[in-house]
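Summary of structural features
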Amino acid sequence: MFNGFYPQYDLAGRIQHTKLDTGLGDMQSARMSRVEDKAAPDFKQVLSGLAEDLNTELNAPDNLLKDVMSGSKNVDIHDVMTAMAKSEISINVATQITGKVIQAYDKVMQIQV
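The notes below deal with the structure included here.

Conventions we followed
Residues numbered from 1 in each chain as written. Predicted model: local features only at pLDDT ≥ 70, side-chain atom pairs only at ≥ 80, totals over all residues. Heavy atoms only, no water. Helix = DSSP H or I, 4+ residues; strand = E, 2+ residues; numbered from the N terminus. Buried < 20%, exposed > 50% of the residue type's maximum accessible area, 1.4 Å probe, protein only. Areas by Shrake-Rupley, 256 points an atom, 1.4 Å probe, with all protein chains shown as cover. Expected span 1.5 Å × (residues − 1). Bend = angle between axes of the 7 residues up to and from the residue. Contact = heavy atoms within 4.5 Å. Patch = residues over 30% accessible without salt bridge, like charges linked within 9 Å, V, L, I, M, F, W, Y side chains within 5 Å. Salt bridge = Lys/Arg side-chain N within 4 Å of Asp/Glu carboxyl O. Axes fitted to C-alpha atoms, helices over the stretch in contact; angles between N-to-C directions. Parallel < 35°, antiparallel > 145°, perpendicular 65-115°, else oblique. Left-handed = near helix turned anticlockwise from the far one by under 90°.

**Details of the overall build of the protein**
What the protein contains, in helices and strands, is 3 helices and 0 strands. The secondary structure elements of the protein, listed N-terminal to C-terminal, are α-α-α. The buried share of the protein, taken over its 113 residues, is 8%. Accessible surface for the protein amounts to roughly 10500 Å². Of this, 59% is attributable to carbon and sulfur atoms.

Structure follows, in C-alpha cells:
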C-alpha cells in the first residue's frame, strides 16, 4: 500500500459471534437447539405486567394532583402535567397495540385450513 507498509489485522479475533452462528469454535448453533430461556415469563405474565404498568401510569397524575391540592411542597404542577402527558401517550400506545392484536387475530381466524 504505502511504501511497503501493510497493516496486519486479526480479523478472525475481531469477529463477534452470536447464537445464530453455524457452530464456529466451541459455540453451538442456534439451529441445533432452542435459543429460548426456560425461565422466561410466558405471554400471560407479560401482558398482565403491561396492564399493571399501564394502570400505574394512569393513576400517577391523579395521585400527583392530590398531592398538589393538599399543598405538598415537593410536587409541582409541572410534574402533574408531565405525568398527564405520559399517561395520554400510554393510552394511545395501548389503543394502537390492542387494535393491532385484534387485526392479527382476525387475520389468523380467516386462514382456511
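**Looking at helix α2 (residues 43-69)**
Along its 27 residues, α2 runs 40 Å from first to last C-alpha, staying within 8% of the 39 Å computed at 1.5 Å per residue. The principal kink in α2, of about 30 degrees, is found at Asn59, preceding the proline Pro61 by one to four residues.

**Details of helix α3 (residues 77-109)**
Its 33 residues give α3 an end-to-end C-alpha distance of 48 Å, which sits within 8% of 48 Å, the value for a rise of 1.5 Å per residue. Three or more residues of α3 are buried, namely Val80, Ala83, Ser87 and Ser90. Turning to α3, the residues buried within the fold contact α2.

**Focus: a nonpolar patch on the surface**
On the surface, a nonpolar cluster with roughly 510 Å² of combined accessible area is contributed by Leu65, Met69, Ile77, Met81 and Met84. When contributions to the nonpolar patch are tallied by element, the ones reaching two or more residues are α2 and α3. Looking at the nonpolar patch, the element that brings in the most residues is α3, giving 3 residues. Along the polypeptide, Leu65 turns up in helix α2. Relative accessible area serves as the criterion here: at 37%, Leu65 is assigned to the partly exposed category.

**Remarks on the pattern of salt bridges**
Summed over all chains, the structure comprises 1 salt bridge. Notably, a salt bridge pairs Glu57 with Lys86, separated by 3.9 Å at the nearest N-O pair. Of this pair, Glu57 sits in helix α2 while Lys86 sits in helix α3; the two residues are 29 residues apart in sequence, bridging distant segments of the chain. With relative accessibility at 23%, the residue Glu57 sits in the partly exposed group.

**Digging into the packing of α2 against α3**
At a closest axis distance of 9 Å, the pairing of α2 and α3 adopts a crossing angle of 160 degrees. Classified by the interaxial angle, the pair formed by α2 and α3 is roughly antiparallel. Here α2 runs over α3; the crossing is left-handed. From α2, Leu54, Glu57, Leu58, Pro61, Leu64, Leu65 and Val68 reach across to α3, where they touch Ile77, Asp79, Val80, Ala83, Met84, Lys86, Ser87, Ser90, Ile91 and Ala94.

**Notes on the side chain of Ser87**
Looking at the secondary structure, you find Ser87 in helix α3. Setting aside residues no more than four positions away along its own chain, Ser87 makes contact with Glu57, Leu58 and Pro61.

That is the geometry; function is a separate question.
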